[in-house]
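Below, each chain spelled out in residue letters.
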Amino acid sequence: MAETITIKVFRFDPETDGEGRLESYSLEKEPGMRVLSALKALNDQGANLAFRYSCEEWQCGSCAIRLNGIPKLACKEEIQDGMILEPLPDLPVSKDLIVDRSKFFNRQAELYKLPETKTGAKLDYESQGHFWNAITCMECGICLASCPILHTRGGSYDYIGPEFMVSLFRSESDPRIEKNSLETSVKDGMWECTTCKYCEENCPQRIPILNEIIELRSKIMEEQPSYVPDTIRDLNTNLYRHYNPYGLPKSERANWAEGLNVPDIKEGKKEVLYFVGCAQCSNRRDQKVARAIVDVFNKAKVDFGTLGIDEVCCGDVALKTGETGLFEELAKINIENFKKANIIRIVTTSPHCYHIIKNEYPKYGGDFEVLHYTQFIEELIKKGQLTFSNQIDQIVTFHDPCFLGRYNGVYDPPRKVLEAIPGLKVVEMAKSKENVECCGGGGGGNWMDIRAGERLAERRVAQAVETGANILAVACPFCLTMFEDAVKTKGYEERIEVKHVIELVEQTI
Amino acid sequence: MSSVGGKRIKTDVLVIGGGGAGTRAGIAAAGGGAKVVIACKDLFGHSGCTPVAMGGYAGMQAYPGDDWKSHFEDTVFGGGAINNQKLVEILTKDARTRLLELEDWGATFDRDEKDEIYLRRFGGHTHPRSAISGDRTGREMMWALKRKCWANDLIQVVEETYITQLLVTDGKIAGAIGVNLPTGGIIVFECPAVILAGGGSGRLWPITFATKGKVGDGLRLAYEAGAELVDMEFFQIHPTGWLWPPAIRGRVVSEGVRSDGGILLNSKHERFMEKYDPVKLELATRDYVSRCIFAEVKEGRGSEHGGAYLSVTHLSPEFIERRLGSVLETGLVGGVDIRKQAFEVVPEHHYQNGGVKINEHSQTIVDGLYACGEQAGGVHGGNRLGSNSLPDLLVFGKIAGENAAQYAKDIKPAKVEERQVEEEVKEIRRPSENEDGVSPYSLSKKLYDVMWDEMHIARKEKGLKKCIDVMEEVAEDFHKVSVPDKSLRYNDAWLTAMEVRTRILVGEIMAQASLMRTESRAALFREDYPVTKREWEKNITVRQVNGQIKLDTQPLVVTIMPPEEIELPQFPIPGGK
């Protein structure tokens, strides 16, 4: 049963056109029809579109294009009414949907030419089992087209990118060779990756790219610590000495709570442990967020407490930057303190803490129920413990934190909370939810300075401004810092303000 | 410089085709000191069948009791006894060495728990002898070959460049001419040696495993240059392509599924291979299994949509995920979870068994012209065994490269005849210069329809003659074909038109050869001549003589396995023996 659909396809002929344009086409869609089949059908009708393909079974990596802004394999995805087909970003367009991959091609060749020596070892079942995933890479370029950092490099490809990191992981895991590429990889940005995971989200082969990047970082940390960027070493030194990456002395960790009613978790049995997080303890701007949470908890009569100065960093930034040993130490300290305090539930400020406690701590015997504060606030609203009364007549757009959204599939609670605030109008940015573009703060990014191009946060706040919103709502300390800086550097102070969701909640109750 | 003003590239060896055979040939030629250009019709390393080849690489000689002789016998038996046995000897003797060499270059092949190379048994093989790399062995091979090419300064790769004609001066190769799709410009290669490694001709059919562009251009190039083609009537129909749902129709279901334990069932849930071959069961040769599925369908026991059911539900989900990942993935794209349900398969075109005729040095009868890989004929005879193609690529790729390099070193290069260049440029430009003519897509469809109807699993005289008639009709219309856009830059309509040019010729040659062979053998099933006849123990060759297709027969090349001692299986004939 065929149906008539209309789609838009990017057309560009460099010989005749100054710039490209989207052209509408109608066609008959057979049930389950793939995008590639639709393109071929259009050519049967005389459209003469230019596009690449080869195997038509999602294995050769030739046909990657953007579908509604997201890079995918044309042969694998189903065509939908209203779909927009565009070429991959960040590369010169040769014609219509075909891009010039020579920069990419040349980088691959360069990487392969890097010297390697044979170790004399043999390939064995176990080590092969370690990198069999990396071998499935078909070099389709989708991960590169997803990487927000590459969007800001003007097609220069001077940033190593996920695909080459997977390739490197493969070489490094192969016991038969020693590839002398670690130094180059660091120079090309091994620590610039923010671990946002958009590459892995879109990888057609579902390669665990992030695990591989972190393992590479770990390896470099251990074997070639002199290659590691200074800022990364400094933050880990702070973590080691002071149990937080900002270098705030342990004894001062609870100072943010001065003058507030913040119970000690160890006094009596509390329902909720509020896990404050290093940023909220250390930075003045972030301290306001912690105070807002405490204010809201008290007003909602939540039975909570904190660990005070016994709370140490959740360890996220140690793990993500490759300091696995340090991460384990920190995790064990927290887990022991959680257990001593008879914790039932944990609520975090940061999605990073949330993610780590939820997904990593169980590996060290720490199995606790953990919520991000937006989930907890949503719960309080549902239970009637919070009522919103003050109008906030603003337009807000919410930026999904990578570690709440993409990593853990939590998209609705922050939105439900915002929608419950009277007067507040919620609008969406084009790239939201699982397609969110990272603020640039994760994976050590908060501490790294970029080598070139626009900052990710600057790119993102421009997208926020485009929606017409005057508040950019965040739920993560890194997003808060990155975006507030970006608003200043872009000169958007009059147009948009950055606020944590909890700050809006505090305003309305 | 000629009057056409095209770009000129001078080199020693031009390899047409950048798959496994082409790259291996390029590497070998460069190893012999030659300057090499590898010209790929699409993206290097992403096109042709090598990067997506699933199955495995046969010839490891590691299983107890296995040796090259056993592999040889299986190959000739599977080939319907008409293989060129000299070539088969070379294949089975060298396969193992070439694989270990590729591993040395960085490729990884799966290990078993004892750290030995994991071996799979494929259809028609007596012993497990095929190495694998996950479930896309070709991808890993291509990766290692590609790196080796890039690391070699003597090798230049030109992508998206379509070679449309060879240039021959006084019976010797002088070069080639083609179009570079990214620029739309004409390129003339001046070189004394050309290696044809452009793969097979699966894209003559509307549903096939073959990747984009494989219409057998190399066959036309060879034929028009004066070389011979052989065994053109024997294209392989693989028993298992996805039949349902339509979104994934035609996608490949690797033989590896059957190697790893998959079973075929009819509409009555009977494992029908038990009655057709109680010993080899699902791992009988591909033609045999295809014919069995065909018989079941014809006798009313086919699956819901006219094929057979393939089931792996008795295997563990973990096993399926690790070893049969792509098949699982394809199923999921179509909404079918092979871990939980049986799925429908149907025979479809998979491989070109015949091709450009070569000797044991990969030489054709035209000086300076070589061929290897799927493009060449003789190695696999009337039908290829599973996992015998990947070793073919490396073994004969190397031979072609070495010989071409040596030849280029010894010979004084022939001068390109400008008149030939001008004539071909006219051919190249005609579709975009014709106005208001025939659409290449309508011609393409006519060709697809007749190949599907008359040139598939079962052929008969009437259908073959019809096929030839349609080819000749389309050939007439071809002169009036016109395409929009004057520029040849990524011009899909132009490319389709040029492929029609090849398809007409190759299709007709296949039909003529099928018509001439009045018997059934290996991959050729003549409904009107269902029995295998000893008098047909010979090969059919094809040449261009005075502009016409001329067929001939030649005696078999036999070394250690006399055909009279081979008892080929009797194929099941629907409705009776």
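From a predicted model like this one, the values you see are computed outputs, not experimental measurements. (Residues numbered from 1 in each chain as written. Chains lettered and ligands numbered in written order. Predicted model: local features only at pLDDT ≥ 70, side-chain atom pairs only at ≥ 80, totals over all residues. Heavy atoms only, no water.)

Colleague: What's the story with the overall build of chain B in this structure? I'm lost.
Modeller: Counting secondary structure elements, chain B contains 15 helices and 21 strands. Taking 25 Å as the expected radius of gyration for a compact globule of 577 residues, we find that chain B reaches 23 Å, a close match to that expectation. The principal-axis extents of the C-alpha atoms in chain B amount to approximately 70 × 50 × 50 Å. Residues classed as buried in chain B amount to 68% of the 577 residues present. (Helix = DSSP H or I, 4+ residues; strand = E, 2+ residues; numbered from the N terminus. Rg over C-alpha atoms; globule rule 2.2 N^0.38 Å. Buried < 20%, exposed > 50% of the residue type's maximum accessible area, 1.4 Å probe, protein only.)

Colleague: Even after reading the chapter, I still don't get the pattern of salt bridges, so can you show me in this structure?
Modeller: Opposite charge on two side chains permits them to pair, given that their charged atoms come into close proximity. All told, the structure shown has 87 salt bridges over all chains when counted by the stated rule. Taking the shortest distance from any N to any O, the salt bridge between Arg21 of chain A and Glu23 of chain A comes out at 2.9 Å. For Arg21 of chain A, a relative accessible area of 38% gives the class partly exposed. What makes Glu23 of chain A partly exposed here is its relative accessible area of 26%. Salt-bridge contacts for Arg220 of chain B lead to Glu224 of chain B; the nearest nitrogen and oxygen are separated by 3.2 Å. Here Glu224 of chain B and Arg220 of chain B lie together in helix 5 (residues 217-225), a separation of four residues that amounts to about one turn. A residue is classified by how much of its surface remains accessible, and Arg220 of chain B, at 1% relative accessible area, is buried. A network of salt bridges, in which partner residues are shared, links Arg345, Glu369, Glu379 and Lys383 of chain A. (Salt bridge = Lys/Arg side-chain N within 4 Å of Asp/Glu carboxyl O.)

Colleague: What should I look at first to understand unusual backbone geometry in this one?
Modeller: What you tend to see is this: most non-glycine residues have negative phi, and most peptide bonds are trans. Residues and elements named next belong to chain B. Omega for the peptide link from Trp244 to Pro245 comes to 5°, which places this bond in the cis form. One non-glycine residue, His269, adopts positive backbone phi at about 60°. Take His269: it is sitting in the loop between strand 14 (263-265) and helix 7 (273-276). The class of His269 is exposed, set by a relative accessible area of 59%. Non-glycine residue Asp485 carries a positive phi angle of around 75°. Take Asp485: it is sitting in the loop between helix 14 (461-478) and helix 15 (492-516). Classification of Asp485 by relative accessible area gives partly exposed; the value is 38%.

Colleague: Would you mind showing me how to read the side chain of Gln352 of chain B here?
Modeller: Residues and elements named next belong to chain B. Mapped onto the elements of the fold, Gln352 is located in strand 16 (residues 343-352). Among the residues examined, Gln352 registers a relative accessible area of 2% and is labelled buried. A distance of 2.6 Å separates polar atoms of two side chains, one belonging to Gln352 and the other to Ser201. At a separation of 3.0 Å, a polar atom in the side chain of Gln352 contacts the main-chain carbonyl oxygen of Gly354. Each residue touching Gln352, except ones within four places of it in the same chain, is listed here: Gly199, Gly200, Ser201, Leu219, Glu374 and Gln375. (Polar contact = N/O pair within 3.5 Å; in protein donor to acceptor, adjacent residues only side chain to side chain. Contact = heavy atoms within 4.5 Å.)

Colleague: Just to check I follow, could you spell out the layout of surface pockets for this structure?
Modeller: If a probe as big as a water molecule is rolled over the atoms, it shows which places are left empty. Space inside the largest pocket adds up to approximately 1,400 Å³. Taken together, 43 residues make up the lining of the largest pocket; nearest its centre are Ser37, Lys40, Asp44 and Glu56 of chain A together with Pro206 of chain B. Elements with a minimum of two residues in the lining of the largest pocket: helix 1 (35-44) of chain A together with helix 13 (440-454) and helix 15 of chain B. With seven residues, helix 13 of chain B is the single largest residue contributor to the lining of the largest pocket. Its residues placed into classes, the lining of the largest pocket shows 20 nonpolar, eight polar and 15 charged. (1 Å grid on protein atoms, 1.4 Å probe; cavity = no way out; pocket = protein on both sides within 12 Å on 5 of 7 lines; lining within 4 Å. Points joined across faces, edges and corners; volume = space filled by probe spheres on them. Nonpolar A, V, L, I, M, F, W, Y, C, P; charged D, E, K, R; others polar.)

Colleague: What am I meant to see in the packing of aromatic side chains here?
Modeller: The description of an aromatic ring pair rests on the distance of the ring centres and on the angle between the ring planes. What the rule picks out here adds up to 22 aromatic pairs over all chains. Taken together, a centroid distance of 6.2 Å and an interplanar angle of 40° make the contact between Phe338 of chain A and Tyr361 of chain A tilted. Residue Phe338 of chain A is found in helix 14 (residues 324-340), and its partner Tyr361 of chain A is found in the loop between helix 15 (351-359) and strand 13 (369-372); the two are separated by 23 residues along the sequence. Of the residues examined, Phe338 of chain A reaches a relative accessible area of 0% and is grouped as buried. Each ring, one from Trp68 of chain B and one from Phe72 of chain B, has its centre 6.1 Å from the other, and the planes form 90°; the classification is edge-to-face. Taken together, the positions of Trp68 of chain B and Phe72 of chain B, both in helix 2 (residues 68-78) and four residues apart, correspond to about one turn of that helix. Among the residues examined, Trp68 of chain B registers a relative accessible area of 21% and is labelled partly exposed. Grouped by ring-pair contacts, the aromatic residues Phe275, Phe327, Phe338, Tyr361, Tyr364 and Phe368 of chain A constitute a single cluster. Lying over the aromatic face of Phe571 of chain B, Arg291 of chain B brings its terminal NZ or CZ to 3.9 Å of the ring centre. One residue, Lys538 of chain B, lies across the ring of Trp536 of chain B, its end atom 4.9 Å from the ring centre. (Phe/Tyr/Trp six-rings, centres within 6.5 Å; stacked < 30°, edge-to-face > 60°. Lys NZ or Arg CZ within 6 Å of the ring centre and 35° of its normal.)

Colleague: Sorry if this is basic, but what is going on with the interface of chain B and chain A here?
Modeller: How big an interface is tends to be expressed through the accessible area that disappears when the partners come together. Facing the 50 residues of chain B at the interface are 51 residues of chain A. Taken as a group, His46, Arg139 and Trp150 of chain B account for 16% of the area that chain B buries against chain A, more than any other trio of residues on that side. Linking chain B with chain A are ten salt bridges. For the salt bridge of Glu160 of chain B with Arg52 of chain A, the shortest nitrogen-to-oxygen distance reads 2.7 Å. For the pair chain B and chain A, the interface holds 33 residue pairs in polar contact (both at pLDDT 80 or more). Residue classes in the side of chain B that touches chain A are distributed as 16 nonpolar, twelve polar and 22 charged. (Buried area = accessible area lost by both parts, 1.4 Å probe.)

Colleague: Would you take a moment to explain helix 16 (residues 373-383) of chain A for this structure?
Modeller: Think of an α-helix as turning once every 3.6 residues; residues three or four places apart then point the same way. Buried within helix 16 of chain A we find Tyr373, Thr374, Gln375, Phe376, Ile377, Glu378 and Leu380 of chain A. Immediately beyond the C-terminal end of helix 16 of chain A, within one or two residues, lies Gly384 of chain A, with a positive phi of roughly 80°.

Colleague: So what exactly am I meant to see when it comes to empty space enclosed by the protein here?
Modeller: Considering all chains together, one arrives at twelve cavities of 30 Å³ or more under this definition. As for the second largest cavity, its lining consists of 21 residues, and the residues nearest its centre are Cys137, Met138 and Glu139 of chain A together with Arg139 and Trp143 of chain B. Put simply, the parts of the chain that give the lining of the second largest cavity at least two residues each are helix 3 (125-135) and helix 6 (161-173) of chain A together with helix 4 (137-150) of chain B. Along the lines of polarity and charge, the residues of the lining of the second largest cavity split into eleven nonpolar, four polar and six charged.

Colleague: Help me understand the environment of Ala523 of chain B, please; the structure alone is not making it clear to me.
Modeller: All names here are of chain B. Locating Ala523 in the fold gives a position in the loop between helix 15 and strand 20 (538-545). The exposure class assigned to Ala523 is buried, which follows from its relative accessible area of 10%. Look past the residues within four positions of Ala523 in its chain and what remains in contact with it is Phe234, Phe235, Gln236, Asp287, Asn353, Gly382, Asn383 and Arg459.

Colleague: Which parts of the structure should I look at to understand the sheet that holds strand 6 (residues 130-131) of chain B?
Modeller: In a beta sheet, neighbouring strands are held together by backbone hydrogen bonds and run either parallel or antiparallel to one another. Residue and element names in this part refer to chain B. Strand order across the open sheet formed by three strands is 4-6-5, with antiparallel pairing between neighbours. With one partner strand each, in any of the chains shown, strand 4 (57-58) and strand 5 (119-120) form the two edges of the open sheet. Pairing geometry for strand 4 and strand 6, over two bridges, is antiparallel. Bridged to Ala58 within strand 6 is Ser130. (Pairing = 2+ DSSP bridges.)

Colleague: Before we go on, may I ask you to explain a negative patch on the surface in this structure?
Modeller: A contiguous patch of negative charge, built from Glu3, Glu28, Glu30 and Asp81 of chain A, is present on the exposed surface. For Asp81 of chain A, the location among the structural elements is in the loop between strand 4 (70-73) and strand 5 (84-86). (Patch = residues over 30% accessible without salt bridge, like charges linked within 9 Å, V, L, I, M, F, W, Y side chains within 5 Å. Areas by Shrake-Rupley, 256 points an atom, 1.4 Å probe, with all protein chains shown as cover. Lys, Arg positive; Asp, Glu negative; His and termini not counted. Charge placed at Lys NZ, Arg CZ, Asp CG, Glu CD.)

Colleague: Would you mind going over helix 1 (residues 20-31) of chain B with me for this structure?
Modeller: All names here are of chain B. Under the 1.5 Å per step criterion, the end-to-end length of helix 1 is 16 Å for twelve residues, consistent within 8% with the ideal 16 Å. With respect to burial, helix 1 is a largely interior element, eleven of its twelve residues being buried. Considered for burial, the residues of helix 1 that qualify are Gly20, Ala21, Gly22, Thr23, Arg24, Ala25, Gly26, Ile27, Ala28, Ala29 and Ala30. A positive backbone phi angle near 90° is found at Gly33, which sits one or two residues after helix 1. (Expected span 1.5 Å × (residues − 1).)

Colleague: Which parts of the structure should I look at to understand the confidence of the model for chain B?
Modeller: Close inspection of predicted coordinates is inappropriate in any region flagged by low pLDDT. Predicted confidence across chain B gives a mean pLDDT of 94, with 98% of residues reaching 70 or more. Among the scores for the predicted complex, ipTM is 0.94 and pTM is 0.94. (pLDDT = per-residue confidence, 0-100.)

Colleague: I tried to follow the pairing of strand 16 (residues 471-474) of chain A on my own but got confused; where do I start?
Modeller: Consecutive side chains of a regular strand alternate in pointing toward one face of the sheet and then the other. Residues and elements named next belong to chain A. On strand 16, burial covers both faces: Ile471 and Ala473 on one face and Leu472 and Val474 on the other are all buried. Here strand 14 (residues 395-398) pairs with strand 16 via three bridges, running parallel. Directly across from Thr397, in strand 16, lies its bridge partner Leu472. With four bridges connecting them, strand 16 and strand 17 (residues 497-500) associate as parallel partners.

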